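# Secondary and tertiary structure notes
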Amino acid sequence: MRAGIDVLDLAHYARMGPPHELFAQLRAEAPVYRHAEKDGPGFWAITRYDDVVAVSRDSATYSSFQGGTMVPDSKPEQLFVVRQMMLNMDPPQHTKLRALVNKGFTPRMVTRLHQRIGELAHEIVDRVARQGECDFVTDVAGELPSYVIAELMGIPLEDGRELYRLTERMHTAAPTPDGMADGARAIFEMMSYSNGIRSEKRTRPADDIATTLLAAEVDGEKLTDLEFDMFFMLLINAGGDTTRNLVAGGMLELIHHPEERRKLAADPSLLPGAIEEMLRWVTPVIHFRRTATRDTELHGERIAAGDKVVVFYSSANRDEAAFAEAGRFDVTRSPNEHVAFGGGGVHFCLGANLARVEIRALFAEVLARLPDLELAGPVDRLHSNFINGPRRMPVRFTAR
């Protein structure tokens, strides 16, 4: 029954999103599945909730550093750079770098950001409310995380929007020579911008996280230039892409589930729980790779040292053993211990709480001020098996 299963098929993601029917089959029949790979040795697909959590929390056995966190193997000349990003580190290097980065997120800075996020969300919805129609992804969902990152780094808001466009090019690059070249150019442009920020903040320090990060020390050591650039790229991708896709994907699900939307409109106090259900249902980050550091065994399958092990958060969040009526979108679901921010362990999302603040601020504005928002045309999904969400989403509503 499992012959020909491909849970990374780009055509499926572009057409329908994650292949939940295949994930369900694997959870039932082969929770640790030896998956073929077009241009590689293959990998172990981990699809059950408990196993995703177990692998995520065991960085000694399942390394982020050895092969990075993407399924395709990096070329030898790329691997050095890949390993400089916090996402691709193991303890103790990861622990030290995370401690440095945490110094930028002081309580005072976070409190100030929370206040500013509410103002920005109001301004964004105010702008589109006069039009009666817009692209929800670009004009609403993508605006706030772009602006928040700009506020964090102390750069112009318009620069935040341009950086968002670079992440889109990086994640939707077609697997062709031209597509890969464009994706590489987008990475180069982002790194060049980061280089400029470093020079600016060292010359003219300001009251922002970029300045704080450049000055922070742990055990007498500061971030190197490359470490700062790698964190900057991670912040733009993780902080912008995921929040944008959750807001757009969550709104799309509320449109597809009008009864749940009515519950939320009737009782705004349900919004925090509804956001957790959107996170579970949409799961913006579909998977991450690990590499086995030693021979081990999981569900009777022998995993050899050096094997790729890929945890699928999209599958874990629909696991029938972990969630009652896992296939039902329910804004009142409680408890809801989803793994949309990771399965725990050292790589649990650094910006999870900030993302929740952004998501809540935007939905509070949209639901209250655009109550009749509906689709105005076909939805174009991201052509990505790594990031899940709409790429274009035309909507209309009563102009106000």
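In this numbering scheme, every chain counts its residues from 1 along its sequence in written order. Predicted model: local features are reported for residues with pLDDT of at least 70 only, side-chain atom pairs are reported and counted for 80 or more only, and whole-chain, interface and lining totals are derived from all residues. The side-chain values count all of the structure's non-hydrogen atoms but skip hydrogen atoms and water molecules.

## Examining the pattern of salt bridges
Two side chains with opposite charge may pair up if their charged atoms get near one another. One side-chain nitrogen of Lys or Arg within 4 Å of one carboxyl oxygen of Asp or Glu is enough to make a salt bridge. Scanning the entire structure with this criterion turns up 34 salt bridges. Measuring nitrogen to oxygen at the nearest pair gives 3.4 Å for the salt bridge that ties K308 to D73. With K308 in strand 8 (residues 308-312) and D73 in the loop between strand 3 (62-63) and helix 4 (76-82), the pair connects residues that are 235 residues apart, well separated along the chain. Taking the shortest distance from any N to any O, the salt bridge between K96 and E221 comes out at 2.3 Å. Of this pair, K96 sits in helix 5 (residues 93-102) while E221 sits in the loop between helix 11 (209-215) and helix 12 (225-256), placing them 125 residues apart in sequence. Each of E37, D73, R289 and K308 takes part in one network of salt bridges that share partners. Every helix listed is a DSSP run of H or I at least four residues long, and every strand listed is a run of E at least two residues long, numbered separately from the N terminus.

## Concerning the sheet that holds strand 2 (residues 43-46)
Strands were regarded as paired on the criterion that DSSP finds at least two bridges between them. Taken together, the five strands give an open sheet; going across it, the order is 1-2-8-5-3, and neighbouring strands pair in mixed fashion. Every interior strand has two partners, whereas the edge strands, strand 1 (32-35) and strand 3, have only one. Judged from the two bridges that link them, strand 3 and strand 5 (residues 287-292) form a sheet pairing that is antiparallel. Across the sheet, the residue bridging to Y62 is A292, located in strand 5. Any two residues having at least one pair of non-hydrogen atoms within 4.5 Å are treated as being in contact. All axes here are fitted lines through C-alpha atoms, helices being fitted over the stretch that makes contact, and every angle between N-to-C directions spans 0 to 180 degrees. Docked against the sheet, helix 3 (residues 49-57) engages strand 2, strand 3, strand 5 and strand 8, running at close to 125° with respect to strand 8.

## With respect to the sheet that holds strand 4 (residues 133-135)
Reading across from one edge, 4-12-9 is the order of the three strands in this open sheet, with antiparallel pairing throughout. The sheet terminates laterally at strand 4 and strand 9 (374-375), the two strands that pair on one side only. Pairing analysis gives two bridges linking strand 9 to strand 12 (residues 394-396), with the strands arranged antiparallel. Residue E374 lies in a different strand from strand 12, and its bridge partner there is R396.

This is a description of form; function is not addressed.
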